[in-house]
2 protein chains.
Amino acid sequence: MRRFYWPDITGKHITVTGQEAKHISRVLRMQEGDMLILFDGSGIDYYCTLTGNDADSISVAVVEKKESGKELPVQITLCQAVIKSDHLDYAIQKCTEAGVRAFVPFLSERCVKRPDAKSAGKLVERESRIAMEAAKQCGRSYVPKVGDIVTLEKAAEELQNKNGLKLVAYESEEHRTIKEALREQRCREIFLFVGPEGGFTREEVRLLEEAGAVSCSLGELIFRSETAGLAAAAMIAYEYMGN
Amino acid sequence: MRRFYWPDITGKHITVTGQEAKHISRVLRMQEGDMLILFDGSGIDYYCTLTGNDADSISVAVVEKKESGKELPVQITLCQAVIKSDHLDYAIQKCTEAGVRAFVPFLSERCVKRPDAKSAGKLVERESRIAMEAAKQCGRSYVPKVGDIVTLEKAAEELQNKNGLKLVAYESEEHRTIKEALREQRCREIFLFVGPEGGFTREEVRLLEEAGAVSCSLGELIFRSETAGLAAAAMIAYEYMGN
C-alpha cells in the first residue's frame, strides 16, 4: 500500500494538501475508496480510505492505526561531527535507513566546516528533509529528528543527564571493541559519537569519558567519518537482532 | 609512516616512477634516508628507506616486509548487482573500507543499467581504481579485486564450485536473519549477493539457492542496494570481531 508523509494527523478525518495531495490525486490518480497509509513521523501508520478528491486537497478517513513495527529494539542517537555537506547528507540518509532515531550534529576542534548561525539553520533544515525522505523511502514511519548544531562541550554536558550507553568511536582505542562495549552494558538507548574527518583529539575523548562515555574501536580498519556511523549502527542492530 | 601503492614489488631494490614518484619527491620532498611504506595490493607492507631521488623516479631499499594485520578474519566476496554508477562507486568505496576482499558485479533481471561490452570494461576499470584509492585511504594493504561483469546465471554457476557460506540478502526473507545464517555455518569465506534497486525476483533467489546459497534478511528495515553490502559487511565483521 502507498505511504505518504503528513505531519498533522489528529482525529478520524484528515485533509491532505500541497505536494502530497497533488501526488495522490494527479500523479497516482487515486480514487474514492482507495486505501493508503499516512504517517506523521512518530512511528505510527494510519491506514486510511480516500473519501474526497479535490483539485488541491484530498480527504481521507482513518480506518486503523498501528505501530509500524519496523523500528530497532534499541534507540540509537548519532552524535555526528559536522563534515562536508555531501558527506553529512550521506551520513544522515544512510543512518536513517539503518534505523538511527535521532541526530545531534556537533562542532569539535578538527571540524573543517564551521557554518555561521544562518547557514547552520539551513543545514539543519536540509538534513531534516533528507532524514524525512530517507525514512519514507525505506519504509520507516518514524522520522529521525535532526537537532541544532551544538559544540562538543555542550553535547558532553547534555550527555551527563542521559541514561543509556554512551559510546565514542575512536580509532586510537586499542583495548575495547564496540562488541565488548555493547556487551559490557545492555541498554535500550545508545548515544554514539563520531568525530570529523580528522578525528577526535585525545582531550575531546577525555571530555566525553568524563561525561560517562566509553571509547571503542570499530575494528582494525579506519572508516571515514561519514561511513563510521552507518557501520556502527549496523553493528548495533546486529547485536540486538532477534532480541 | 607514509604509504604508497606500487604494483610491482620484487627484490630488495625498487624503482618507483610516475605519479607516486612525483608525489614522494616533489610534493612531499622526501629525502634520502627517509622511511616509507610501499604496498602492492597483496596485503603485505614493505618498509623501505629512500636511497635515490631523481626528477622522475625514486629508488628505495626494502628493509622489512610484513602482513598489514588489518584484514578481517573472514574473507567477504560481495556479488553486487550493477546499479547506477554513482551508487556503484559508493558501494565499492564503502565496502572496501569495511574490509570486503573481492567484488563480482553482475546483471540480473531488474538491473536498470545494462552496459555494453565497451562500457562494461570501462566500468570495471573505474571501480578497480576506486577500490585501490579507498584501500589506500583507509590503510589497507590489500586492494580488493573487481571482477568482470557477469550474468547472474554465470555467477550462480561459479558459486557452485566455491566453498564457504553463500548468502543472498533478500528483503522478502521472513524466517532467517543474517545473524542466524552466520551462526548456522561458521566459514572463513563468505559470498554475499546484493540485488539491484528493484531487488531480486523470486526465481533468481531460487537459482542462487540451488547453487548452495541461503537467503537472509538484514532486519526489518529495507536498505537501498548501495547500502546493503556495507551494512551486511559491517554485520559480518562484527560477528567475527575478536575471533
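From a predicted model like this one, the values you see are computed outputs, not experimental measurements.

Digging into the interface of chain B and chain A
Right, so step 1: Listed as interface residues are 34 residues of chain B and, on the opposing side, 34 residues of chain A.
Right, so step 2: Among the residues chain B hides against chain A, the three largest losses belong to B:Leu221, B:Tyr238 and B:Met241. Together they make up 26% of the total.
Right, so step 3: At the surface where chain B touches chain A, the tally comes to four salt bridges.
Right, so step 4: A salt bridge links A:Lys94 to B:Glu226; its shortest N-O distance comes to 2.9 Å.
Right, so step 5: Viewed at the interface, chain A and chain B are joined by 17 residue pairs in polar contact (both at pLDDT 80 or more).

Points about the domain arrangement of chain A
Residue and element names in this part refer to chain A.
Right, so step 1: Domains assigned within chain A are domain 1 (3-67) and domain 2 (75-239).
Right, so step 2: A separation of 33 Å is found between the C-alpha centroids of domain 1 and domain 2.
Right, so step 3: If you look at the interface, domain 1 gives nine residues, while domain 2 gives eight residues.
Right, so step 4: A combined buried area of about 680 Å² lies between domain 1 and domain 2, and 53% of that area is made up of carbon and sulfur atoms.

Side note on the sheet that holds strand β5 (residues 57-67) of chain B
Residue and element names in this part refer to chain B.
Right, so step 1: An order of β1-β3-β4-β5-β2 is seen for the five strands of this open sheet, with the pairing classed as mixed. Of all strands in the sheet, those with a lone pairing partner are β1 (3-5) and β2 (13-17), marking the two edges. Neighbour-to-neighbour, the strand axes of the sheet open up by a mean angle of 40°, direction not taken into account.
Right, so step 2: Note that strand β3 (residues 35-39) and strand β4 (residues 44-53) share five bridges and pair antiparallel. Considered in β4, the bridge of phenylalanine 39 is made with aspartate 45.
Right, so step 3: Seen against the sheet, helix α1 (residues 18-27) touches β1, β2, β3, β4 and β5 and runs at an angle of roughly 95° to β2.

Rules behind the numbers
- Residues numbered from 1 in each chain as written.
- Chains lettered and ligands numbered in written order.
- Predicted model: local features only at pLDDT ≥ 70, side-chain atom pairs only at ≥ 80, totals over all residues.
- Heavy atoms only, no water.
- Contact = heavy atoms within 4.5 Å.
- Buried area = accessible area lost by both parts, 1.4 Å probe.
- Salt bridge = Lys/Arg side-chain N within 4 Å of Asp/Glu carboxyl O.
- Polar contact = N/O pair within 3.5 Å; in protein donor to acceptor, adjacent residues only side chain to side chain.
- Domains from an automatic or database assignment.
- Pairing = 2+ DSSP bridges.
- Helix = DSSP H or I, 4+ residues; strand = E, 2+ residues; numbered from the N terminus.
- Axes fitted to C-alpha atoms, helices over the stretch in contact; angles between N-to-C directions.

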